[in-house]
Amino acid sequence: MQKIPATVITGFLGAGKTTMIRNLLTNAGGKKIALIINEFGDLGVDGEVLKGCGAENCTEDDIIELNNGCICCTVADDFIPTMEKLLERENRPDHIVIETSGLALPQPLVAAFNWPGIKTRVTVDGVVTVVDSAAVAAGRFADDHDAIDAQRAEDEGLDHESPLEELFEDQLTAADLVILNKADLLDAAGIEMVRETVANATARKPKMVVSHGGDVPAAVLLGLGVGTEDDIENRKSHHELEHEGEGHDHDHDEFESFVVDYGPVSDPAAFADSLKSIIETHDILRLKGFADVPGKPMRLVIQAVGNRIETYFDRPWKPGETRATRLVVIGLHDEMDDAAIISAIKAI
């Protein structure tokens, strides 16, 4: 039996993974695609957005959400049983697309494709890492390595590495293809700087494609034919290299998420402006969710990366569906004041 190809799509919070997958589903050339979506947080925003895209080749039954934890930490408990159930279907998909949480390490997930019962039926067509080019250009994930080395020389007891930078590098190290997304926010010189930053972040040399708004042809994303699971030893994460052979489990204690419930939003533009101020004040990494706008039959999607906010109506509210405004807030554990953020949002 021919193996089903699976594409793992990873990338940091807000890089544009969901938008890219949405574009892929509507331009897949008739391929029947099954989606496995893993999110950090209790509210499944990305899955809901994709279910609303209306693609005939990927129905709601083909979209599987894993919200019980980061997929790289729950491979045995969540991912393997999900894959087994998917493969037992009578009408099997032509291709499987897995969108990881923005905080996930791709390496444990790729290694899971060597699991007995999975390896003989599925292969990793490729790992695609989506990069927020504008964020990288702003130095969000690109530290000054020379300055860090100088500081360490003065005090070897200090740990100056950012967990965000390590995660960024690990996602690039696992990649077969890197999408330099949101290129429309930069000029040519800016894109070249991002390209150089990405190239310097990993010893491997994955292919890079520049993208505007996550618009990447299906022919570019699917059909890489890499078989990445057979090359996992060459793509080890920082954690694996640091604790190799010691059996350590990694965690995501650096990050935190919570859900904020809010009432109807009468003025979406003013609401977005207020959220932007709150995001800047509290250094929120990512904010996303849905809003109820009175008088509008459709649901408003809110997506924020740093202080860049996008809003759009994605689909009508379903009959019997409770209209509500719910937002997921994600940030660094030690830098977020949950009570202050919740209070500020509710005061809008």
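Refer to the structure above for everything that follows.
Residues numbered from 1 in each chain as written. Predicted model: local features only at pLDDT ≥ 70, side-chain atom pairs only at ≥ 80, totals over all residues. Heavy atoms only, no water.

Caption draft 1: Looking closely at the layout of surface pockets. Of the pockets and cavities examined, the largest pocket occupies roughly 580 Å³. Forming the walls of the largest pocket are 30 residues, and the residues nearest its centre are Gly14, Gly16, Thr19, Lys182 and Glu310. Mapped onto the lining of the largest pocket, the elements with two or more residues apiece are α1 (17–25), β9 (286–291), β10 (298–305) and β11 (308–316). If one sorts the elements of the lining of the largest pocket by residue count, β11 sits on top with four residues. Per-class residue counts for the lining of the largest pocket are nine nonpolar, 11 polar and 10 charged. (1 Å grid on protein atoms, 1.4 Å probe; cavity = no way out; pocket = protein on both sides within 12 Å on 5 of 7 lines; lining within 4 Å. Points joined across faces, edges and corners; volume = space filled by probe spheres on them. Helix = DSSP H or I, 4+ residues; strand = E, 2+ residues; numbered from the N terminus. Nonpolar A, V, L, I, M, F, W, Y, C, P; charged D, E, K, R; others polar.)

Caption draft 2: Looking closely at the packing of aromatic side chains. For the structure shown, the criterion picks out one aromatic pair. Pairing tyrosine 262 with phenylalanine 271 gives two aromatic rings, centres 4.9 Å apart and planes at 45°, and the pair type is tilted. As far as the burial class goes, tyrosine 262 and phenylalanine 271 line up, both buried. In this structure, arginine 299 is placed above the aromatic ring of phenylalanine 290, and the distance from its NZ or CZ to the ring centre is 3.9 Å. (Phe/Tyr/Trp six-rings, centres within 6.5 Å; stacked < 30°, edge-to-face > 60°. Buried < 20%, exposed > 50% of the residue type's maximum accessible area, 1.4 Å probe, protein only. Lys NZ or Arg CZ within 6 Å of the ring centre and 35° of its normal.)

Caption draft 3: Representation of the pattern of salt bridges within the structure. Throughout the structure, instances matching the rule amount to 12 salt bridges. With a closest N to O distance of 3.2 Å, glutamate 233 and lysine 236 form a salt bridge. With a relative accessible area of 56%, glutamate 233 lands in the exposed category. Of the charged contacts in the structure, one is a salt bridge between arginine 326 and aspartate 261, with a shortest N-O distance of 2.6 Å. Pair noted here: arginine 326 is in strand β12 (residues 325–332) and aspartate 261 is in strand β8 (residues 255–262), with a separation of 65 residues, a long-range link. (Salt bridge = Lys/Arg side-chain N within 4 Å of Asp/Glu carboxyl O.)

Caption draft 4: Spotlight on unusual backbone geometry. Unlike most non-glycine residues, lysine 182 shows phi in positive territory, near 60°. Among the structural elements, lysine 182 can be located in the loop between β6 (177–181) and α8 (188–200). Look at aspartate 283: it is not a glycine, yet its phi comes out positive at around 50°. When you line up the elements, aspartate 283 lands in the loop between α11 (268–282) and β9.

Caption draft 5: Up close: α1. Buried within α1 are the following residues: Lys17, Thr18, Met20, Ile21, Leu24 and Leu25. End-on view of α1: buried residues confined to an arc of 160°, all on one side of the axis. (Arc of directions from axis to C-beta.)

Caption draft 6: Examining the packing of α11 against helix α12 (residues 338–346) more closely. At a minimum axis separation of 10 Å, α11 and α12 run at an interaxial angle of 165°. Between α11 and α12, the interaxial angle falls into the category roughly antiparallel. Note on packing geometry: the crossing formed by α11 with α12 is right-handed. Within the contact between the two elements, α11 uses Leu275, Ile278 and His282 and α12 uses Ala340, Ile341, Ala344 and Ile345. For the contact of α11 with α12, the residue count by class is six nonpolar, one polar and no charged. (Axes fitted to C-alpha atoms, helices over the stretch in contact; angles between N-to-C directions. Parallel < 35°, antiparallel > 145°, perpendicular 65-115°, else oblique. Left-handed = near helix turned anticlockwise from the far one by under 90°. Contact = heavy atoms within 4.5 Å.)

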